[in-house]
Amino acid sequence: MTRTVPLLALAAALSIAGCSSPGSTPDSSTPGAVKVGVLFPGSLSDDGFMESAHLGYQRAEKTYSGKVTLSKAEQVATADYETALVRFASTSDLVISLGGQTDAAVRLVAPRFPKVKFVEIGGPADGKPLDNLALYDPQQAQAAYLAGAASALLSKTKKVGFVGGAELPAIVNAAEEFGHGATAADPSVQVLAPQYVGDFNDVAKAKQSALADYSAGADVLGQIVNLGKKGMSQAATQTGTTLIGGPIAHDCGADSAYAGFVRTDIGAEIEYAIEHLTAETWKAENVKFGLTAEKPQNDITLCTADPAVQAKLDAIKADVASGKTATL
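As the structure is a prediction and not an experimental result, all values here were calculated from the model. (Residues numbered from 1 in each chain as written. Predicted model: local features only at pLDDT ≥ 70, side-chain atom pairs only at ≥ 80, totals over all residues. Heavy atoms only, no water.)

**A few points about the packing of helix H6 (residues 203–215) against helix H7 (residues 229–239)**
For step 1, the next point in the chain: Interaxial distance between H6 and H7 falls to 7 Å at its minimum, and their mutual angle equals 40°. As H6 runs across H7, the sense of the crossing is right-handed. Side by side, H6 and H7 meet where Val-203, Ala-206, Lys-207, Ala-210, Leu-211 and Tyr-214 of the first sit next to Lys-230, Gly-231, Met-232, Gln-234, Ala-235, Ala-236, Gln-238 and Thr-239 of the second.
For step 2, the next point in the chain: Of the residues belonging to the contact of H6 with H7, the class tally is 8 nonpolar, 4 polar and 2 charged. (Axes fitted to C-alpha atoms, helices over the stretch in contact; angles between N-to-C directions. Helix = DSSP H or I, 4+ residues; strand = E, 2+ residues; numbered from the N terminus. Left-handed = near helix turned anticlockwise from the far one by under 90°. Contact = heavy atoms within 4.5 Å. Nonpolar A, V, L, I, M, F, W, Y, C, P; charged D, E, K, R; others polar.)

As structure tokens, then:
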């Protein structure tokens, strides 16, 4: 069972469909079902972090039908995170918050609802759990390391770069590991200084940032921007260059601007939280979901590469998976 929650007091700030607020129980709720509220600050169709998370939300709907009632709010303005979380916490057994941009708000709200369980997905990698707040790390920095390695191996100009949506700790770490991955794959490669667009979904600004890097000689870019990838793809097509997509992998033939895709399954973390909630084994813990996890959620696919390039990338990925290479 699912419902999309309109935060009525914040109607101007939210883009949400539905007819009930987090403070009420809809008639369609299953009696006895545990309640889970999920805050998606961005669009569920961003081809990025939020959409990847939503895919897991949808899988959980099917898996736990009749046992769990899920509610969601999407495209919530920064100023309204706290209010959204409070409204969910008022009626939920578990509240899940997506993205490091919500870290400050969830840390304010969780202590006020000690009987409610909270999960933050994608917060600071060095963050500390609270008594009722678990932190789940998708290890985007690890995925960025693989993207950096792939970019270096594919680059013909020996220059690569990284574009991030916002200068958040998780994205800064990803930019750093992109550089580490690039130089590990080819020490002669020059890694341009990372660019931060200031908005994960601003297509025009992402295109501008990509064009700046391509103009500086880079021919392959890594990224963590959501809808902004459309702008980066336009820039790559315009300049005859490429980028590494992700976190959702697509058909390589759909857009020649993509040299490959990193895959990070954010939604698996929503499923993990609900699995442990229903099994009564949930803990306020810090869990990492990268290549070293019991069920790895990071990977990379190249669209075209000669066997030698693929073999080297596979070896780099194996070193990360084994723990031989550590990332932030």
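Further notes follow.
**Re the nonpolar core**
For step 1, the next point in the chain: Membership of the largest hydrophobic core comes to 33 residues, with the highest contact counts inside it found for Phe-162, Ile-244 and Leu-313.
For step 2, the next point in the chain: Mapped onto this core, the elements with two or more residues apiece are helix H4 (140–154), strand E7 (159–164), helix H5 (169–185), strand E10 (220–224), strand E12 (258–264), strand E14 (298–302) and helix H9 (307–322).
For step 3, the next point in the chain: Counting residues per element, this core draws most heavily on H4, at 10 residues.
For step 4, the next point in the chain: In this structure Ile-244 touches Ala-147, Ala-150, Ser-151, Val-220, Leu-221, Gln-223, Tyr-258, Ala-259, Gly-260, Phe-261 and Val-262, once residues within four positions along its chain are discounted. (Core = buried A, V, L, I, M, F, W, Y, C linked by side-chain atoms within 4.5 Å. Buried < 20%, exposed > 50% of the residue type's maximum accessible area, 1.4 Å probe, protein only.)

**Examining H7**
For step 1, the next point in the chain: Taken as a whole, H7 has its buried residues at Lys-229, Gly-231, Met-232, Ser-233, Ala-235 and Ala-236.
For step 2, the next point in the chain: In the core, the buried residues of H7 are packed alongside E7, H6, E10, strand E11 (242–245) and E12.
For step 3, the next point in the chain: Of the residues trailing H7, Gly-240 is marked for its positive phi of about 70°.

**Here we look at the packing of aromatic side chains**
For step 1, the next point in the chain: Scanning the entire structure with this criterion turns up 6 aromatic pairs.
For step 2, the next point in the chain: Plain terms: the ring middles of Phe-162 and Phe-178 are 5.6 Å apart, the flat faces sit at 45° to each other, and that makes the pair tilted. Remark: Phe-178 occurs in helix H5 and Phe-162 occurs in strand E7; sequence separation between them is 16 residues.
For step 3, the next point in the chain: Every member of this aromatic cluster is reached through a ring pair, and the members are Tyr-136, Tyr-272 and Phe-289. (Phe/Tyr/Trp six-rings, centres within 6.5 Å; stacked < 30°, edge-to-face > 60°.)

**Thoughts on the packing of H4 against H9**
For step 1, the next point in the chain: The interhelical angle for the contact between H4 and H9, taken along N-to-C directions, is 160°, at an axis separation of 10 Å. In terms of orientation, H4 lies roughly antiparallel with respect to H9. The hand of the H4/H9 crossing is right-handed. Only Val-309, Lys-312, Leu-313, Ile-316, Lys-317 and Val-320 of H9 make contact with H4, whose side of the interface consists of Gln-142, Tyr-145, Leu-146, Ala-149, Ala-150, Leu-153 and Leu-154.
For step 2, the next point in the chain: Classifying every residue of the contact of H4 with H9 gives 10 nonpolar, 1 polar and 2 charged. (Parallel < 35°, antiparallel > 145°, perpendicular 65-115°, else oblique.)

**A word on the state of the cysteines**
What is meant by a disulfide is a covalent connection between two cysteines, made through their sulfur atoms.
For step 1, the next point in the chain: Following the criterion strictly, the structure yields 1 disulfide and no others.
For step 2, the next point in the chain: Between the sulfur of Cys-252 and that of Cys-303 lies a disulfide, 2.1 Å long from S to S. Where Cys-252 bonds to Cys-303 through sulfur, the torsion about that S-S bond is close to -80°, and the disulfide is left-handed. One end of the pair, Cys-252, is in the loop between E11 and E12; the other, Cys-303, is in the loop between E14 and H9, and 51 residues separate them in sequence. (Disulfide = S-S within 2.5 Å.)

**As for the pattern of salt bridges**
For step 1, the next point in the chain: For the coordinates displayed, the defined rule picks out 8 salt bridges.
For step 2, the next point in the chain: Among the salt bridges present, the one from Lys-288 reaches Asp-137, with a minimum N-O distance of 3.2 Å. On the criterion of sequence distance, the pair formed by Lys-288 in strand E13 (residues 286–288) and Asp-137 in strand E6 (residues 133–137) is long-range, its members being 151 residues apart.
For step 3, the next point in the chain: Between Asp-299 and Lys-317 there is a salt bridge, with the nearest N and O atoms lying 2.7 Å from each other. You can see Asp-299 sitting in strand E14 and its partner Lys-317 sitting in helix H9, a full 18 residues away along the chain.
For step 4, the next point in the chain: You can call Asp-299 partly exposed: its relative accessible area is 28%.
For step 5, the next point in the chain: Where salt bridges share partners, they join Arg-59, Arg-263, Asp-265 and Glu-271 into one cluster. (Salt bridge = Lys/Arg side-chain N within 4 Å of Asp/Glu carboxyl O.)

**Observations regarding the environment of Gly-161**
For step 1, the next point in the chain: Inspection of the secondary structure puts Gly-161 in strand E7.
For step 2, the next point in the chain: With 57 residues separating them along the chain, Gly-161 and Ala-104 place their C-alpha atoms 30 Å apart.
For step 3, the next point in the chain: With residues up to four places along the chain from it excluded, the contact list for Gly-161 reads Phe-178, Leu-192, Asp-213, Ala-218, Val-220, Leu-221 and Gly-222.

Interpretation note: all reported values are geometric properties and have no functional meaning in isolation.
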